[in-house]
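Summary of structural features
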Amino acid sequence: MRNKSLIVLLVLTMVFGLTALGQATTAKDTLVMANYRDLRDLNPHLYGGEIFGQNLLFEGLVFLDQTGNPTPWLAESWKVSPDGKLYTFKLRDDVSFTDGTKFNAKTAKQNFDTLLENGTRHGWLESIRLMLAVQNKGKEAVRTTGEYTLEIEFAEPYYPFIVELGVTRPFRMISPKCFKGKTSKNGVNCLHGTGSYILKDNTVDEYSEFVANENYWGKKPAIKKIIAKVIPDNQARLIALESGDIDLVYGLNLISPKAYKRFENKKGFGTVMSDPMSTRMMILNTTRPELSDARVRRALQYLTNRQIISDKIMLGMETPAYTLFSKNIPCANIDLEPYKYDPKKAAVLLDEAGWKMDGSIRKKDGKELKITLTYDSDKVLERTIAQYLQSMWGKSGVKMKIVGEEEQAHRDRLKGGDFDISFNISWGTPYDPQSFIGAMRKPVYGDYAAQQGLKEKAQIDQAILDALKSVDIKKRQEHYTYILKTLHEEAVYLPLTYERNRAIFSDKVKDVGFNPSQFEIPLQRMKLQ
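Residues numbered from 1 in each chain as written. Predicted model: local features only at pLDDT ≥ 70, side-chain atom pairs only at ≥ 80, totals over all residues. Heavy atoms only, no water.

On to the overall build of the protein chain. In terms of helices and strands, the protein chain carries 16 helices and 24 strands. Over its C-alpha atoms, taken along the principal directions, the protein chain stretches across nearly 75 × 60 × 35 Å. Among the 529 residues that make up the protein chain, the fraction classed as buried is 56%. Put simply, 70% of the contacts in the protein chain that link residues at least 6 apart link residues at least 24 apart. Element-wise, carbon and sulfur atoms account for 50% of the exposed surface of the protein chain, whose accessible area totals about 22500 Å². Between the mean site of the 75 positive side-chain charges and the mean site of the 65 negative ones, the protein chain shows a separation of 2 Å. (Helix = DSSP H or I, 4+ residues; strand = E, 2+ residues; numbered from the N terminus. Buried < 20%, exposed > 50% of the residue type's maximum accessible area, 1.4 Å probe, protein only. Contact = heavy atoms within 4.5 Å. Areas by Shrake-Rupley, 256 points an atom, 1.4 Å probe, with all protein chains shown as cover. Lys, Arg positive; Asp, Glu negative; His and termini not counted. Charge placed at Lys NZ, Arg CZ, Asp CG, Glu CD.)

Laid out in structure tokens, this is it:
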């Protein structure tokens, strides 16, 4: 009772506090949105800051349009050498950072150089490794060949590079004058990019204020001011939207299916949902004794009723997923036999693996079949799915312990391989398949550790490298087919649903849509009525 009262008090306190701020920011050219946490460090060369904020301030050489196609941005054009190793960019000559520093090949090179200097931090990017391989031979990988001409050389071909330049980090440009010393790896002293907005104010854990860059080189955004209020509580965000204190709530992590449905037909509000963008899944650690047998991993696939999760937990907003990537992802349209819900088939596999029913639980050599499922405690849906699976798997004799933990602790656990099963997501377009697959070779998240028990791990890693450097589309597809087929048959990943991004907003906000990446918010395209 006491905890409940505290929660209600907190919600009311936040709403009243927000109302005071909202009354001061009701101008027709101001959009007020909610975020669940502070901006944190917006250094575009690191990974700790809010991506929507980085996306407002910083731009890259290449822009990915709404369909994910690379188009010119700070680079007017580019060409790739026939061997796929040398990229030459013609840069715009009419762009300056917001501190007045001219954007040109020199400042672009300084940005790439500081990324290479921090190569270990960006080790998940194959492009960084291939640039460093050139550097290690005593040759500069990033070169200026004119005031607005930049060359980037790789040790081997790398086909995803242009798409990789279009994502928010780490390849966005910041004024080198912001570097601490001559590098950004230790942080930055300021946040001057070339983007369409400037960060005017950030009151930590309360709100941040972005204003349009009056000297922006491109088409100026319609919304002059954006205020992002920090509202960690799900219910408080919805109350703030209903009361008019905020105009927009955006993103998978901020809008539950139930919240979306609440606003779907509500007068005065709008809702939009994207096409499937990524895969909600679980990752199974093949090095754990209970999960080292592929028959056990396959049995868990058959014990998972994805249709129930789709219908009852996701309220029909996400379709069941039976493969690591949906077939609309490049190179992922291959035929794989789905693990449809079939408890009888699961029981046969568990029996064959030596895990026999003993009362209400399965045992092998006197040891109970017990598995721990870990998740990020900020993600309520994961807890709900975990509780459902705990109940369903338990009926088949598989005992599951559920552990929720703070986001960073959860990330550290995955990276260190200290888990049985954990929730995971593919990174979605435009990262899939190349970036998500490429990162499996390094201990970036849990994928590397989870695959260590596979006898095919070395072949998988080699196939990943071969796919990324292949300039022959047919051969590239063959490598991806081998990778995806092997991971599917080994049941390392347990796909659940294909995620769809979503937004709920006041009907005064127009043109709310989606970028190819689920982590971005296309605020520059929105308007106010």
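Take empty space enclosed by the protein next. Space left empty within the atom packing is revealed by a probe, the size of a water molecule, rolled over the atoms. One pass over the full model with this rule turns up 5 cavities of 30 Å³ or more. Its volume calculated, the largest cavity comes out at about 150 Å³. Lining the largest cavity are 15 residues, with Thr323, Leu324, Leu336, Leu484 and His488 sitting closest to its centre. Here the lining of the largest cavity gets 3 residues from one element, more than from any other, and that element is helix H16 (residues 473-489). (1 Å grid on protein atoms, 1.4 Å probe; cavity = no way out; pocket = protein on both sides within 12 Å on 5 of 7 lines; lining within 4 Å. Points joined across faces, edges and corners; volume = space filled by probe spheres on them.)

It is worth spelling out the pattern of salt bridges at this point. Tallying each qualifying case throughout the model produces 36 salt bridges. Between Arg37 and Glu50 there is a salt bridge whose closest N-O contact spans 2.8 Å. Here Arg37, found in the loop between strand S1 (30-35) and helix H2 (51-57), pairs with Glu50, found in the loop between S1 and H2; they are 13 residues apart in sequence, far enough to count as distant. Where Glu50 meets Arg40, a salt bridge forms, and the shortest distance between an N and an O atom there is 2.5 Å. Residue Glu50 is located in the loop between S1 and H2, and its partner Arg40 is located in the loop between S1 and H2; the two are separated by 10 residues in the primary sequence. Linked by salt bridges that have partners in common, Arg37, Arg40, Glu50, Glu407 and Arg411 make up one network. (Salt bridge = Lys/Arg side-chain N within 4 Å of Asp/Glu carboxyl O.)

What follows deals with the state of the cysteines. Under the counting rule described, the total for this entry stands at 1 disulfide. The disulfide that involves Cys178 links it to Cys190, with 2.0 Å between the sulfurs. Between Cys178 and Cys190, the disulfide has an S-S torsion of -110° and is therefore left-handed. Of this pair, Cys178 sits in the loop between helix H5 (161-166) and strand S8 (179-180) while Cys190 sits in the loop between strand S9 (183-188) and strand S10 (197-203); the two residues are 12 residues apart in sequence, bridging distant segments of the chain. With a relative accessible area of 0%, Cys178 lands in the buried category. Classification of Cys190 as partly exposed rests on a relative accessible area of 21%. (Disulfide = S-S within 2.5 Å.)

On to the packing of aromatic side chains, then. This model, assessed by the stated rule, comprises 22 aromatic pairs. Note on Tyr87 and Phe154: the rings are 5.6 Å apart at their centroids and 70° apart in plane angle, and the pair reads as edge-to-face. Pair noted here: Tyr87 is in strand S5 (residues 86-91) and Phe154 is in the loop between strand S7 (149-153) and H5, with a separation of 67 residues, a long-range link. The class of Tyr87 is buried, set by a relative accessible area of 3%. Looking at Phe154, the relative accessible area reads 1%, which means it is buried. Ring geometry for Phe154 versus Phe161: centroids 4.8 Å apart, planes at 90°, classification edge-to-face. Ring-pair connections join several aromatic residues into one group, and the members of that group are Tyr47, Trp124, Phe325, Trp427, Tyr431, Phe436, Tyr445, Tyr493 and Phe519. For the cation-ring pair, Arg476 lies above Tyr159, with the distance from its terminal atom to the ring centre recorded as 3.5 Å. (Phe/Tyr/Trp six-rings, centres within 6.5 Å; stacked < 30°, edge-to-face > 60°. Lys NZ or Arg CZ within 6 Å of the ring centre and 35° of its normal.)

To continue, consider the packing of helix H9 (residues 306-313) against helix H11 (residues 380-395). Packed helix pairs are specified by the crossing angle of their axes together with the interaxial distance, meaning the distance between the axes. Where H9 meets H11, the axes come as close as 11 Å, and the angle between the chain directions of the two elements is 135°. In terms of orientation, H9 lies oblique with respect to H11. In this structure, the crossing between H9 and H11 has a hand that is right-handed. On the side of H9, the interface is formed by Ile308, Ile309 and Ile313, while H11 contributes Leu381, Thr384, Ile385, Tyr388 and Leu389. (Axes fitted to C-alpha atoms, helices over the stretch in contact; angles between N-to-C directions. Parallel < 35°, antiparallel > 145°, perpendicular 65-115°, else oblique. Left-handed = near helix turned anticlockwise from the far one by under 90°.)

Turning to the sheet that holds strand S16 (residues 356-358), a few remarks are in order. Taken in spatial order, the 3 strands line up as S16-S17-S18 in an open sheet, and their pairing is antiparallel. Two strands bound the open sheet, and with one partner strand each, they are S16 and strand S18 (367-368). When S16 meets strand S17 (residues 361-364), the two strands line up antiparallel, connected through 3 bridges. Within the sheet, the bridge partner assigned to Met357 lies in S17 and is Arg362. (Pairing = 2+ DSSP bridges.)

Attention now goes to the pairing of strand S11 (residues 207-212). Extensive coverage of S11 is indicated by the burial of 5 of its 6 residues. Counting the residues in the hairpin turn of S10 and S11 gives 3 residues, including Asp205, whose phi is positive at 65°. Taken together, the 5 bridges between S11 and strand S12 (residues 225-230) define a ladder with antiparallel strand orientation. Along S12, the bridge assignment pairs Tyr207 with Lys229.

Below, the discussion takes up the environment of Tyr322. Position of Tyr322 relative to the elements: it lies in the loop between strand S15 (319-320) and helix H10 (343-352). Taking the C-alpha atoms as reference points, Tyr322 and Tyr339, separated by 17 residues in sequence, lie 6.6 Å from one another. Tyr322 has contacts with Arg306, Pro338, Tyr339, Lys340, His488, Pro495 and Tyr498, leaving out every residue within four places of it along the chain.

Before going further, it helps to examine the nonpolar core. Counting residues in each nonpolar core, the largest one holds 67 residues, and the members touching the most others are Leu61, Phe89, Leu91, Phe112, Met131 and Phe161. If near-sequence neighbours (up to four positions away) are discounted, Leu91 is found in contact with Leu61, Leu74, Ala75, Glu76, Phe103, Asn104, Ala105, Ala108, Tyr148 and Leu150. Counting residues in hydrophobic clusters, the runner-up holds 35 residues, among them Met282, Ala353, Tyr388 and Leu389. (Core = buried A, V, L, I, M, F, W, Y, C linked by side-chain atoms within 4.5 Å.)

Before going further, it helps to spend a moment on the pairing of S17. Adjacent in sequence and paired antiparallel, S16 and S17 are bridged by 2 residues, among which Gly359 carries a positive phi angle near 75°. In terms of strand pairing, S17 meets S18 through 2 bridges, oriented antiparallel. Bridged to Lys364 within S18 is Lys367. Between S17 and S18, which pair antiparallel in sequence order, lie 2 residues; one of them, Asp365, sits at a positive phi of approximately 55°.

Following both chains from N to C, one finds helix H8 (residues 294-302) and H10 inclined at 165°, their axes separated by 8 Å at the closest point. Judged on the interaxial angle alone, H10 and H8 are roughly antiparallel. Judged by the twist between their axes, the crossing of H8 over H10 is left-handed. Note on element contacts: H10 touches H8 through Pro343, Lys345, Ala346, Leu349, Leu350 and Glu352, opposite Arg295, Val296, Arg298, Ala299 and Tyr302.

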